[in-house]
Amino acid sequence: PDFDGLPEHWFSYLAVDDVDSRVGQALRAGAELIRPPFDAPGAGRLAILRDPSGAVLGWITPEAAGTTD
């Protein structure tokens, strides 16, 4: 439901070492947080940001291979 009405498009995620830390740095540099960091089971920890120029990008810290809860 968060994406109702959104046209089809490509969306990229950039792997980062620590989503929470990097989001803090990005906000201090003028980025806008679109979706705060959240856990996606089986994938990792993600966030979605808009940089000061308007570009939107997802960031992910992937789960370590072979880990389970």
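Structure shown above.
Everything quoted here is computed from the prediction, not taken from an experiment.

Assignment of secondary structure puts Asp 17 in the loop between strand E1 (13-15) and helix H1 (19-28). For Asp 17, a relative accessible area of 56% puts it in the exposed group. Linking Asp 17 and Thr 61, residues 44 residues apart in sequence, is a C-alpha distance of 5.8 Å. Dropping the residues within four chain positions of it, Asp 17 is found in contact with Arg 22 and Thr 61. In terms of polar contacts, Asp 17 uses its side chain to reach the side chain of Arg 22, at 2.8 Å.

Moving on, we get to the sheet that holds E1. Strands sit in the order E1-E4-E3-E2 across an open sheet of 4 strands; the sheet is mixed. Since the sheet does not close on itself, it has two edges, and those belong to E1 and strand E2 (32-40), each with one partner. Ignoring which end each strand starts from, the neighbouring axes of this sheet average 20° apart. Relative to strand E3 (residues 44-50), E2 is paired through 6 bridges, and the arrangement is antiparallel. For Arg 35, the partnering residue across the bridge sits in E3 and is Ile 48. Across the sheet, H1 is in contact with E2, E3 and strand E4 (56-62); its angle to E3 comes to roughly 10°.

Rules and cut-offs
- Residues numbered from 1 in each chain as written.
- Predicted model: local features only at pLDDT ≥ 70, side-chain atom pairs only at ≥ 80, totals over all residues.
- Heavy atoms only, no water.
- Helix = DSSP H or I, 4+ residues; strand = E, 2+ residues; numbered from the N terminus.
- Buried < 20%, exposed > 50% of the residue type's maximum accessible area, 1.4 Å probe, protein only.
- Contact = heavy atoms within 4.5 Å.
- Polar contact = N/O pair within 3.5 Å; in protein donor to acceptor, adjacent residues only side chain to side chain.
- Pairing = 2+ DSSP bridges.
- Axes fitted to C-alpha atoms, helices over the stretch in contact; angles between N-to-C directions.

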